[in-house]
Structure formats: structure tokens, C-alpha cells
Amino acid sequence: MTKIAILSVTDKTGIAEFAAALSSRGYRILSTGGTAKVLRGASVDVENISDYTGQDEILGGRVKTLHPKIHGGLLGDTSDDGHLAEMIAHGIAPIEVLAVNLYPFEETVRAGASREQEIENIDIGGPAMIRAAAKNAANVFVITDPNDYNRTLQAIDDNNSEFRISLQAKAFAHTAFYDALIAERLSANRLEMATVTVGWRNAKLLRYGENPHQAAALCKSPFATGGIPNAKQVWGKEISYNNVLDADAAWELANDLTGENRSPVVIIKHGNPCGAAWLPDASNSFRAALSSDPISAFGGIIALPGNLNKSHAEAITQKGTFFEVIVCGDIEADALAVFKDRSGWGQNVRILEAGTRSSDGFLSIRTLRGGALVQEADTTDPAGWSVVTDD
């Protein structure tokens, strides 16, 4: 029986090479428009899915893979005699490889497209095929990540059935993430929904979590443009879990304190505020914040919204100080040089450029054993704050 592979991808990275390798292993390649064009351009023998099913694409391309020959081929359990008999009776061949990644909904939203364009970039056929193949992972290799192409070929050569199963959870995570982003985008108030879905991308594995025995990762919200997860590290060793927590707390508070004729600086260590000041010049704000509790501030995290210049850097690197992380909007080259040259701790400080804090709302989530507390982020305008004491 001819082996069949379906390749239909938005991310074309490596797809031509993967298809050629499958073809050399005796696979019949089925594909859709854009992917088929790429494969033909690479001289890979490919068949349009519409020719295979005998059904033209309809409804402007909304329906092209939703067909019994496709889903029967993906869902048929070839170890089940009953399935095999039905598949033969209906002219359905088993599909052994599915490589699919989805319409670029996330990229469409980030590009500022209209709601109509966003809706058209909600993939239907792709998730349906992925879920079908993942359910039948004992019989189908389901690939949603181009980084898995070579490992899939090796598993085919080695007849490694365990690798099929390792792809299964990844496939369901892929569609769950995709649907979570759609729900987030379309929901007016996520807290009023019966379920709260979260779509985060695993951006970076960290050395460990709060303690060395805990695994940890830094995740990003795809639609967010600011915040510590999106900051650019321009200097220093790898940032840690505890660094991220303190940097986020300091950055959020410092940005709450910005305003006319204010250049705030906030120092936080191990979740505890050590000092905060908002004088017209950031160098003086740093000195005032440090004077609040200079002992606790040692080894802490500094947040300074806006530009960090040489004068600020010289104030921060004064004798007797040390800080784990400096978070700023952006840093000037001569200011960065001050930190690099600082004898004693310049090589250890991490410096993050976090840009400008966006005004986008987000959900604040505190996980609990067995659940979570979820609330809207605090976006109170600090212009309404007042100083009640001068002491």
C-alpha cells in the first residue's frame, strides 16, 4: 500500500527538504495551494488535495481538507480490522504523516489588520487535521514544528513508534495555544466567560526557579509589546527567575510614578521595596531612593523608565553599591560602558532595555494549588495619588 503524507504549512521553513526526503522514502505527497507551489518549485512530485479527494476547494478556500478521505485516512486505526474494512469499502487510504502549521492569526492581529481579516485568518481545516492525527498518533506522525522534521525522518527510518506519541501532546498544545489566542482576541471580558484560557509562548528556559531544585521558564504573551518578558538584555549574565520577579515589580512601580517633571527610580530586592523617588533628575532620584534603605538595596534591582545616560550610570555605580539588574527604557552607549568598566561587579550586573510600557490591559494571574486567582491588571492613573506626609 502506498504511504501517504499531507504537507500544508504556513511556515515553509524546511518543508521542501522534508518533502523530498519523504518522497525518496516512497511517500505520496499531498498538499494545498501555497505549499504545493513551493514543493513543485523544488522539483518535488506533489498532488493537490482537491485532486486526491475529487472535491474542489469551496467557499473561498474555507473548505478544502474537510473530507472523509482526509479525516478517515488520519483517524483510521490500521490495527483495527473493522476500521480497515470500512476504509477499504469507502476507498480511504491511511495517511501516515501530517505536517501542518496554522494560518497566521497572531501575526495578522499584531499587524493591525481589520476584524474581517482576523476572522479569515482563523484556521479551521488545519486544527481539525492536527487533532485527528494527534488522536491517532499510534498510526500517524503529526508534525506542527519544522524543528521536528529531521527527527521524524529518523523515527521513520528506525520505526520508532514512541516518537509518534511524543509529537501527540505537542500537537494538542499547538492547537490549544492557537484557540486561546483567538478567544483572548475576540473576548470583550475574559473574566465573564465560563472558562479562562491563557495563551503563552515558552520564550526561554531558565537555569532554575525560585530554588535550585525547581524547573522554570519565562513565557511571553504574544499580543503584548512591553514588560520584562519582552525586554532586551544588552549586558550581563543569564537572568534568573527571582531577577525577573523583582525586575517586573520595580518596572511596574517605576512606570506608575512617571509624570510631568518626574524621573522616578525604584529599588526592589527579594520582593521588598527598598526605596523609590521621583525627582526631576534620575540621578538624584536614585540617590534619594538608595538613601531610604541602602543596606537592603545592596544586590537589588533598579528600575528607571526612559533613557539611562552616563550621568545616571555614574551615580548608580558609586563606591559601595552593587545591583543585580538595571531595567531602563533604553541605555546610551557611554552609559553601558560605565557599567562594563565598573570594577568589582560590572561583569555581573544584568542590564535590560524594556522600552516604553504599553497601555494594554492584561490579566494578573496568581496560581494556587488546584486553581488560580485572576484579576484585571491595576491601571489606576497615579495622577490621583497624593502625598500625605513629608516624613
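Our subject is the structure listed above.
Computed from a predicted model, the values in this text were never measured in an experiment.

Visitor: I'm lost on the sheet that holds strand 8 (residues 232-235) in this one. Help?
Guide: Strand pairing within a sheet occurs via backbone hydrogen bonds; the two strands may be parallel or antiparallel. One open sheet holds the six strands; their spatial order is 8-13-12-11-9-10, and the pairing between them is mixed. Either end of the sheet is taken by a strand with one partner, and the two such strands are strand 8 and strand 10 (272-279). The sheet shows a mean angle of 20° between the axes of neighbouring strands, direction not considered. Packed on one face of the sheet, helix 11 (residues 241-256) meets strand 9 (263-269), strand 11 (300-308), strand 12 (323-331) and strand 13 (350-353) and runs near 45° to strand 11. Running at roughly 170° to strand 12, helix 15 (residues 333-341) makes contact with strand 8, strand 11, strand 12 and strand 13 of the sheet.

Visitor: Whenever I open this one, a negative patch on the surface confuses me. Can you help?
Guide: A cluster of acidic side chains, namely E314, D330, E332 and D334, defines a negative patch on the protein surface. Structurally, E314 can be placed in helix 14 (residues 310-316). Relative accessible area serves as the criterion here: at 43%, E314 is assigned to the partly exposed category.

Visitor: I keep staring at the environment of N147 and nothing clicks. Help me out?
Guide: Here N147 lies in the loop between strand 5 (141-143) and helix 9 (149-158). Here N147 falls in the exposed class, since its relative accessible area comes to 64%. Taking the C-alpha atoms as reference points, N147 and N284, 137 residues apart in sequence, are found 50 Å from one another.

Visitor: Please clarify how helix 8 (residues 125-135) should be interpreted in this entry.
Guide: For the α-helix, the turn length of 3.6 residues means that residues three or four positions removed from each other point alike. Within helix 8, eight of the 11 residues are buried, which leaves it mostly tucked inside the rest of the structure. Against strand 1 (3-8), helix 4 (68-75), strand 4 (97-100), strand 5 and helix 10 (161-186) lie the buried residues of helix 8.

Visitor: Which parts of the structure should I look at to understand the nonpolar core?
Guide: Note on soluble globular proteins: their nonpolar side chains tend to be buried together. Ranked by internal contacts, the top residues of the largest apolar core, which has 53 residues, are L7, F18, L22, L39, L74, V97 and L98. With seven residues, helix 10 is the largest single contributor of residues to this core. With 28 residues, the next largest nonpolar core counts L308, F323, A335 and V349 among its residues.

Visitor: Even after reading the chapter, I still don't get the sheet that holds strand 2 (residues 27-31), so can you show me in this structure?
Guide: Taking strand neighbours across the sheet as the criterion, the five strands line up as 3-2-1-4-5 in an open arrangement whose pairing is parallel. The two strands at the open ends of the sheet, each matched to only one other strand, are strand 3 (47-48) and strand 5. Relative to strand 2, strand 1 runs parallel, the two being bridged by five bridges. Each bridged residue has a counterpart across the sheet, and for K3 the counterpart in strand 2 is Y27.

Visitor: Would you mind showing me how to read the packing of aromatic side chains here?
Guide: For any pair of aromatic rings, the description consists of the separation of the ring centres together with the inter-plane angle of the planes. For the coordinates displayed, the defined rule picks out four aromatic pairs. Aromatic side chains F18 and Y149 sit 4.4 Å apart centroid to centroid with 10° between the ring planes, which places their arrangement in the stacked category. With F18 in helix 1 (residues 15-24) and Y149 in helix 9, this pair connects stretches of sequence that are 131 residues apart. For F18, a relative accessible area of 2% puts it in the buried group. Judged by relative accessible area, which is 5%, Y149 ranks as buried. Ring centres 6.5 Å apart and planes at 70° place the aromatic pair F105 and Y178 in the edge-to-face group. Here F105, found in helix 6 (residues 105-110), pairs with Y178, found in helix 10; they are 73 residues apart in sequence, far enough to count as distant. On the accessibility criterion, Y178 (9% relative accessible area) is buried. The residue whose ring lies beneath K69 is Y52, and the NZ or CZ to ring-centre distance is 4.4 Å.

Visitor: I'm lost on the packing of helix 8 against helix 10 in this one. Help?
Guide: If you want to describe how two helices pack, look at the angle between their axes and the distance between the axes. Packing of helix 8 against helix 10 brings their axes to within 9 Å, and their N-to-C directions diverge by 155°. With respect to each other, helix 8 and helix 10 are oriented roughly antiparallel. Crossing angle aside, the handedness with which helix 8 passes helix 10 is left-handed. In contact with P127, I130, R131, A134 and K135 of helix 8, helix 10 contributes Q168, A171, F172, H174 and T175. Residue classes in the contact of helix 8 with helix 10 are distributed as five nonpolar, three polar and two charged.

Visitor: Can you walk me through the packing of helix 1 against helix 2 (residues 33-41) in this structure?
Guide: Across the interface, helix 1 lies against helix 2 with an axial gap of 9 Å and an inter-helix angle of 70°. As the angle between them shows, helix 1 and helix 2 are arranged roughly perpendicular. Each of I15, A16 and A19 in helix 1 lies in contact with helix 2, whose residues at this interface are T35, V38 and L39. Among the residues forming the contact of helix 1 with helix 2, the class breakdown is five nonpolar, one polar and no charged.

Visitor: How do you make sense of the pairing of strand 11 when you look at a structure like this?
Guide: Walk down a regular strand and you will see the side chains alternate between the two sheet faces. For strand 11, the tally of buried residues reaches seven of nine residues, placing the bulk of the element in the interior. Where strand 9 and strand 11 come together, three bridges link them in antiparallel fashion. What sits directly across from I267, in strand 11, is I302. Across seven bridges, the pairing between strand 11 and strand 12 is parallel. Across the sheet, the residue bridging to I301 is V325, located in strand 12.

Visitor: Even after reading the chapter, I still don't get unusual backbone geometry, so can you show me in this structure?
Guide: Here S43, not a glycine, exhibits a phi torsion of approximately 65°, which is positive. Here S43 shows up in the loop between helix 2 and strand 3. Located in the positive-phi region is N261, a residue other than glycine, with phi close to 60°. For N261, the location among the structural elements is in the loop between helix 11 and strand 9.

Basis of the calculations
Residues numbered from 1 in each chain as written. Predicted model: local features only at pLDDT ≥ 70, side-chain atom pairs only at ≥ 80, totals over all residues. Heavy atoms only, no water. Pairing = 2+ DSSP bridges. Helix = DSSP H or I, 4+ residues; strand = E, 2+ residues; numbered from the N terminus. Axes fitted to C-alpha atoms, helices over the stretch in contact; angles between N-to-C directions. Contact = heavy atoms within 4.5 Å. Patch = residues over 30% accessible without salt bridge, like charges linked within 9 Å, V, L, I, M, F, W, Y side chains within 5 Å. Areas by Shrake-Rupley, 256 points an atom, 1.4 Å probe, with all protein chains shown as cover. Salt bridge = Lys/Arg side-chain N within 4 Å of Asp/Glu carboxyl O. Lys, Arg positive; Asp, Glu negative; His and termini not counted. Charge placed at Lys NZ, Arg CZ, Asp CG, Glu CD. Buried < 20%, exposed > 50% of the residue type's maximum accessible area, 1.4 Å probe, protein only. Core = buried A, V, L, I, M, F, W, Y, C linked by side-chain atoms within 4.5 Å. Phe/Tyr/Trp six-rings, centres within 6.5 Å; stacked < 30°, edge-to-face > 60°. Lys NZ or Arg CZ within 6 Å of the ring centre and 35° of its normal. Parallel < 35°, antiparallel > 145°, perpendicular 65-115°, else oblique. Left-handed = near helix turned anticlockwise from the far one by under 90°. Nonpolar A, V, L, I, M, F, W, Y, C, P; charged D, E, K, R; others polar.

In short, shape yes, function no, at least from these values alone.
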